[in-house]
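Geometric and topological summary
This is what each chain is made of:
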Amino acid sequence: MAKERKTEKRGLRRRMLPLCALLFAAALLLALDARHVRFYLSGPRDLELPVGSEYAEPGCRAVSAGSLFGELGPELHVTAEGAVDGQTLGVYTRTYTARWLLWEGRAERRVYVVDRTPPVITLTHREGYAPSWLDGYEEEGFRAADNIDGEVTAQVERVYLGDRVEYSVSDAAGNRTTVTRQIPYSVGRPRIRPVGGERLRLPASFSFTDPGWTAFDDMGNDLTELVRVEGAVDPTRPGVYELRYAVENRAGDEVSFTRIVEIVPAELPESVTPEEKTIYLSFDDGPGPHTAQLLDVLKAYGVKATFFVTCRYPDYLDMVGRAFREGHSIGVHSASHDYYGIYASEEAFYEDFKACEEMIHAQTGQYTTLFRFPGGSSNTVSSFNEGIMTRLTKSMNAMGYQYFDWNVDSDDAGKTRTIQGVVQNVENGCQGKDCCLVLQHDVKDYSVAAVRQLIEWGLENGYRFAALDMTSPPAHHEPAN
Ligand code: ZN
């Protein structure tokens, strides 16, 4: 019995063994094959759908696939799930499922329901409306509507660009639309034309007068009076200035023109130091009661001098004419000689200077370009107005005037009050100098009385006497303010 059973068992084992091996081999093959479900999506994996449209399934196929045996037919049945609402913005997921024996596979597709449609702007036109540029454009009306957001008229941005209006609006999805209205002006923007050209080149001077401008529109309407001018020119100071001419209409639109004004400094003649020993006598602050006597002495010696005159003694102003006719040089000193008045500002200085200049012109028939600053260019009496001498020396030279200081001071307006004192100061001052510019005041009787002796001393010492002109050495001091 036991032997029989043993034999039976052995027979069964003999039959089972190949079957197990077969199953094992099959499982091994399947594992190596890595069988799975493979999907083929028609259309893109991420799909964009304009809002308002119906979703149409592009389709999806599935097969079983493995690495050893490849794809095995037939095609598998695919179930698609996940609804897409084409009327509502959002992201939707479509899920595809298919099964092969024990293996189940899954694929997904994203569907983006989006708004790509910008709002629509509609412009209204008013019958019979003919705008003119000057009055500005009066809005005729507009509406804006969006497929999703509905009415968006209130969000419209308007930009007025003179000859047109731009209307823009965006919907919530960021779609923007812009429309342009060309304004049918019956009368258009004017044109500004500067009289005298767009660039002026002028010599430095006391005053600048704008040569003017015109402004006409294309219908010939004159808008000249509506032009505003911005900017300023300082004609006393060389430089480049800008003047802006503009007309603005009621809507704030502007037409403008910019003119360049260049102020050019005068070219002063070069000063020449005379070869001969020379004394330039110069007399400030007159004419006054002693000027006639002085002119007599100068005439007796045939000596020419220079007078830097004022308007302080009106009874003697005719002496300016006489001095001029007798060959002396006339220069401006000051009309008022009031330090605090004339150095208060450049304008004040120019006003005083021009008054004196006009007086000289009235007396001599000529304008002069020679002058002497009250107190000289190195005065400190003007220090209450910081830097004014530095500015004035520059601007006066730029305007073609030459100022003269001195290198010999008679001190007749200082402590020296005698004829002998004046003579001594001048003689000492001229020591070692071949070119002497002497400062005296013809309103001081002792100074005038010293002139005869000074001339004789000068002639004995080899000097000639001369009147100043634009080429004479100006004996400039260093401005101290
Ligand atoms: Zn003076």
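Everything that follows concerns the structure shown earlier in this document.
Residues numbered from 1 in each chain as written. Predicted model: local features only at pLDDT ≥ 70, side-chain atom pairs only at ≥ 80, totals over all residues. Heavy atoms only, no water.

Right, let's get into the coordination of the zinc ion. Here the zinc ion is held by D285 (OD), H333 (NE2) and H337 (NE2), and the distances to it run 2.1 to 2.2 Å. Site description for the zinc ion: donor spacing in sequence, D-x47-H-x3-H. Here H333 falls in the buried class, since its relative accessible area comes to 3%. (Donors = N, O, S within 2.8 Å, 3.2 Å for Na, K, Ca; no water. Buried < 20%, exposed > 50% of the residue type's maximum accessible area, 1.4 Å probe, protein only.)

Burial within helix 6 (residues 388-398) is extensive, with eight of its eleven residues counted as buried. For helix 6, the set of buried residues is I388, M389, L392, T393, S395, M396, N397 and A398. For helix 6, the elements touching its buried residues are strand 18 (254-264), helix 5 (346-364), strand 22 (370-371) and strand 23 (402-403). One or two positions beyond helix 6, positive phi appears at G400, with a value near 95°. (Helix = DSSP H or I, 4+ residues; strand = E, 2+ residues; numbered from the N terminus. Contact = heavy atoms within 4.5 Å.)

We now examine unusual backbone geometry. Each neighbour pair has its own omega, and for G286 with P287 the value is 0°, a cis peptide bond. One can find P287 in the loop between strand 19 (278-284) and helix 2 (291-301). One non-glycine residue, L101, lies in positive phi territory at about 50°. One can find L101 in the loop between strand 5 (90-100) and strand 6 (103-114). For L101, a relative accessible area of 60% puts it in the exposed group. Unlike most non-glycine residues, D411 shows phi in positive territory, near 60°. Along the chain, D411 turns up in the loop between strand 24 (408-409) and helix 7 (419-430).

None of this, on its own, says anything about what the molecule does.
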